[in-house]
Amino acid sequence: MLIDLHCGELIEPFGGRRWNRADIRRQIALRVGRFQELGVGPHDRVFLLFGNRLEFFAELVALWKCGACAIPIDARLTAFEVENLARAAAPKLVVVDDATPAGPIKVLEQAGIRTVPTADTGSAEAEAARVQLDHDALMLFTSGSTGDPKGVVHTHRSLRARWAGLRDHLPAAAFARSLCMLPTHFGHGLICNSLFPWLSGCDLFITPPFRPDLVTRIGAAIDEHAITFMSSVPPIWKLALKLAKPPQRGSLQRVHVGSAPLSAALWNDIRTWTGTPHVCNAYGITETGSWVAGLDRADVPAEDGLIGYGWGAVVKVLNTDDTSRPLCPENECKTGESGYVWLNTPALMKGYFRRDDLTAKAVVDGWFMTGDIGFLDDLGRLVLRGRERDEINKGGMKIYPSDIDAVVERYPAASDVCAFALDDPIYGQAVGMAVVLHDSGEEAICGLHAWMKVHLAEHKMPSRWWLIDAIPRTSRGKINRDAVKAACQQKPPLDIPSILARKMSP
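What you are looking at is a predicted structure, and each value in this text was computed from that prediction instead of being measured.

**Concerning the nonpolar core**
Next up, step 1: Counting residues in each nonpolar core, the largest one holds 90 residues, and the members touching the most others are Phe57, Trp64, Leu195, Trp198, Ile218, Met230 and Trp291.
Next up, step 2: The element best represented in this core is helix α2 (residues 54–65), accounting for nine residues.
Next up, step 3: When residues of this core are sorted by domain, at least three fall in each of domain 1 (1–154) and domain 2 (170–312).
Next up, step 4: Sequence-distant contacts of tryptophan 198, that is, excluding residues within four places in its chain, are made with His6, Cys7, Gly8, Glu9, Leu10, Ile24, Phe57, Val61 and Leu204.
Next up, step 5: Counting residues in each nonpolar core, the second largest holds 25 residues, with Ile392, Ala414, Cys446 and Ile496 among its members.

**Section: the domain arrangement of the chain**
Next up, step 1: Domain assignment breaks the chain into domain 1 (1–154), domain 2 (170–312), domain 3 (314–389) and domain 4 (392–504).
Next up, step 2: The distance between the C-alpha centroids of domain 3 and domain 4 comes to 31 Å.

**Some thoughts on the sheet that holds strand β11 (residues 229–232)**
Next up, step 1: Pairing is mixed in the open sheet, where seven strands are placed in the order β2-β1-β10-β9-β11-β12-β13. Each end of this open sheet is capped by a strand with a single partner; those strands are β2 (18–19) and β13 (279–281).
Next up, step 2: Note that strand β1 (residues 10–11) and β2 share two bridges and pair antiparallel. Across the sheet, leucine 10 pairs through a bridge with tryptophan 19, a residue of β2.
Next up, step 3: Strands β11 and β12 (254–257) of the sheet are contacted by helix α9 (residues 234–243), whose axis makes an angle of about 125° with β12.

**Topic: helix α5 (residues 156–169)**
Next up, step 1: Taking 1.5 Å of rise per residue, 14 residues should cover 20 Å, and α5 covers 20 Å from first to last C-alpha, within 8% of that figure.
Next up, step 2: Every buried residue belonging to α5 is among His156, Ser158, Leu159, Ala161, Arg162, Trp163, Gly165 and Leu166, and all of these are buried.
Next up, step 3: Its buried side turned inward, α5 meets α2, β7 (136–143), β8 (150–155), α6 (187–198) and β15 (290–294).

**Points about unusual backbone geometry**
Excluding glycine, a negative phi dihedral is what most residues carry, and trans is how most peptide bonds are arranged.
Next up, step 1: Here the phi dihedral of alanine 226 falls at roughly 50°; this positive angle occurs in a residue that is not glycine.
Next up, step 2: Within the secondary structure, alanine 226 sits in the loop between α8 (218–225) and β11.
Next up, step 3: On the basis of relative accessibility, which here comes to 33%, the residue alanine 226 falls in the partly exposed class.
Next up, step 4: Even without a glycine there, the phi angle at arginine 354 is positive, about 55°.

**Quick word on the packing of α5 against α6**
Next up, step 1: Viewed as axis vectors pointing N to C, α5 and α6 meet at an angle of 75°, and their least axial separation amounts to 11 Å. Relative to α6, the element α5 lies roughly perpendicular. On α6, the residues touching Leu159, Arg162, Trp163, Leu166 and Arg167 of α5 are Ile191, Cys192, Leu195 and Phe196.

**As for the packing of aromatic side chains**
Next up, step 1: Scanning all chains against the criterion turns up nine aromatic pairs.
Next up, step 2: Aromatic pair phenylalanine 50 and phenylalanine 56: ring centres 6.1 Å apart, planes at 80°, arrangement edge-to-face. Considered together, phenylalanine 50 and phenylalanine 56 belong to a single accessibility category, that of buried residues.
Next up, step 3: Taken together, a centroid distance of 6.1 Å and an interplanar angle of 50° make the contact between tyrosine 411 and tryptophan 451 tilted. With tyrosine 411 in the loop between α12 (401–409) and β25 (414–424) and tryptophan 451 in helix α13 (residues 442–455), this pair connects stretches of sequence that are 40 residues apart.
Next up, step 4: Members of the aromatic cluster, connected to one another through ring pairs, are Phe50, Phe56, Phe57 and Trp198.
Next up, step 5: The lysine or arginine in question, arginine 34, covers the ring of phenylalanine 35, its NZ or CZ lying 4.8 Å from the ring centre.
Next up, step 6: Directly above the aromatic system of tyrosine 427 lies the positively charged group of lysine 394, at a separation of 5.5 Å from the ring centroid.

Cut-off values and rules
- Residues numbered from 1 in each chain as written.
- Predicted model: local features only at pLDDT ≥ 70, side-chain atom pairs only at ≥ 80, totals over all residues.
- Heavy atoms only, no water.
- Core = buried A, V, L, I, M, F, W, Y, C linked by side-chain atoms within 4.5 Å.
- Buried < 20%, exposed > 50% of the residue type's maximum accessible area, 1.4 Å probe, protein only.
- Helix = DSSP H or I, 4+ residues; strand = E, 2+ residues; numbered from the N terminus.
- Domains from an automatic or database assignment.
- Contact = heavy atoms within 4.5 Å.
- Pairing = 2+ DSSP bridges.
- Axes fitted to C-alpha atoms, helices over the stretch in contact; angles between N-to-C directions.
- Expected span 1.5 Å × (residues − 1).
- Parallel < 35°, antiparallel > 145°, perpendicular 65-115°, else oblique.
- Phe/Tyr/Trp six-rings, centres within 6.5 Å; stacked < 30°, edge-to-face > 60°.
- Lys NZ or Arg CZ within 6 Å of the ring centre and 35° of its normal.

Okay, here's the thing in structure tokens:
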């Protein structure tokens with residue numbers, strides 16, 4: 001799939017740029033030459049601090065050809081967060097584009113990590129074929145940008161296993177002209193929505209992620225470029241259904257919705273808007289290479305939370321989440337009985353980077369404990385009922401409350417904190433926060449807001465705050481985020497905009 005590079009073309013539909021196969025080969029060869037001059041080779045790690053443009057894919061493949069591991073990083077992260085990830089991953093260098101913020105570039109350079117603009121390729125083309133199946137190919141951080149980073153490491157073997165599993169289950173013709181509006185720094189957008197079709201020879205249309213102004217134009221773009229496949233997340237679909245005119249030419253053959261459970265009502269609305277019955281609730285986990293289960297034939301009656309069958313994976317629902325002991329048949333739930341979702345797949349990650357302790361808590365005997373709650377119906381299909389994990393899903397962007405806690409805990413006036421998910425009509429979920437301050441005056445509140453603006457990416461900023469006397473904990477001293485949320489919602493949150501406005505007034 002990669003060695004001969006029988007890839008499709010790359011197109012930016014809203015920018016007008018396009019690379020054909022010859023352009024792509026040349027752009028990759030230029031970057032291979034540049035990386036060789038910089039001494040990049042097997043086992044090196046390189047940050048890609050930009051994404052969702054043609055050059056990103058050329059950099060990625062060039063790194064793989066040199067035997068290196070690519071680490072896509074969300075360019076919206078603060079300098080503090082990027083520095084923390086760099087401290088954990090120790091990249092040899094970082095590739096940026098002209099839109100990468102200056103702050104992260106500065107802290108990386110101060111740490112002695114060389115910054116390379118993607119446009120600076122030189123003119124020396126080179127070839128390399130240093131791909132080894134069990135070499136690290138990709139690291140995706142799923143949490144810890146402000147605390148202890150958790151980087152999911154995939155090898156070339158695990159990535160190819162994921163793509164092979166998808167080819168065995170999904171109709172190839174449906175992906176001929178695939179559109180990606182998702183970020184390329186996480187598994188859904190990168191591994192499955194982008195690399196699976198593109199490296200299979202299909203054309204890939206790539207846009208900036210999560211742009212409401214582009215969502216309003218998506219129907220026209222589908223028609224203009226005869227898009228046959230696209231994948232997105234429920235909040236983006238809610239915007240499209242509300243703001244965008246549907247496509248008229250009937251080119252869409254298949255649509256995936258992922259990163260959050262799909263309701264039957266939204267499922268049917270998407271079918272009506274797209275004009276195809278083949279809409280699938282794709283279940284994806286970064287640790288298993290994203291899309292790991294769904295419907296081969298998606299023209300079935302919509303049901304809340306319905307996923308389907310494993311794609312190159314065995315799906316089990318068990319009555320335990322204990323990874324400290326071997327699993328046994330007695331752990332399997334009966335049909336219709338809810339339990340923990342476990343997966344066994346050759347596309348399983350190598351592990352969490354330099355965190356064997358975390359890997360051991362998630363994997364036992366090759367089985368991955370997802371932390372999701374679901375059941376198998378009488379047809380053997382997986383149905384999701386909820387998430388046991390704490391992550392906040394804001395429009396498909398995964399936010400880990402421990403990241404927010406870690407930042408607030410560093411604020412001198414804060415003594416305790418707990419971030420949690422709030423329901424949101426547009427994004428699905430937003431961020432709420434309970435905080436205990438030594439000084440509850442407005443100066444301290446404004447100071448904490450300023451502190452978070454420096455240390456947290458904008459999408460992680462809590463939209464509602466509650467100032468409380470103490471964070472409720474269990475008898476074992478642990479935080480139950482749902483219990484904290486319930487306690488907070490018994491009283492009104494702080495009026496943060498008014499507090500900030502008074503601070504700014506003369």
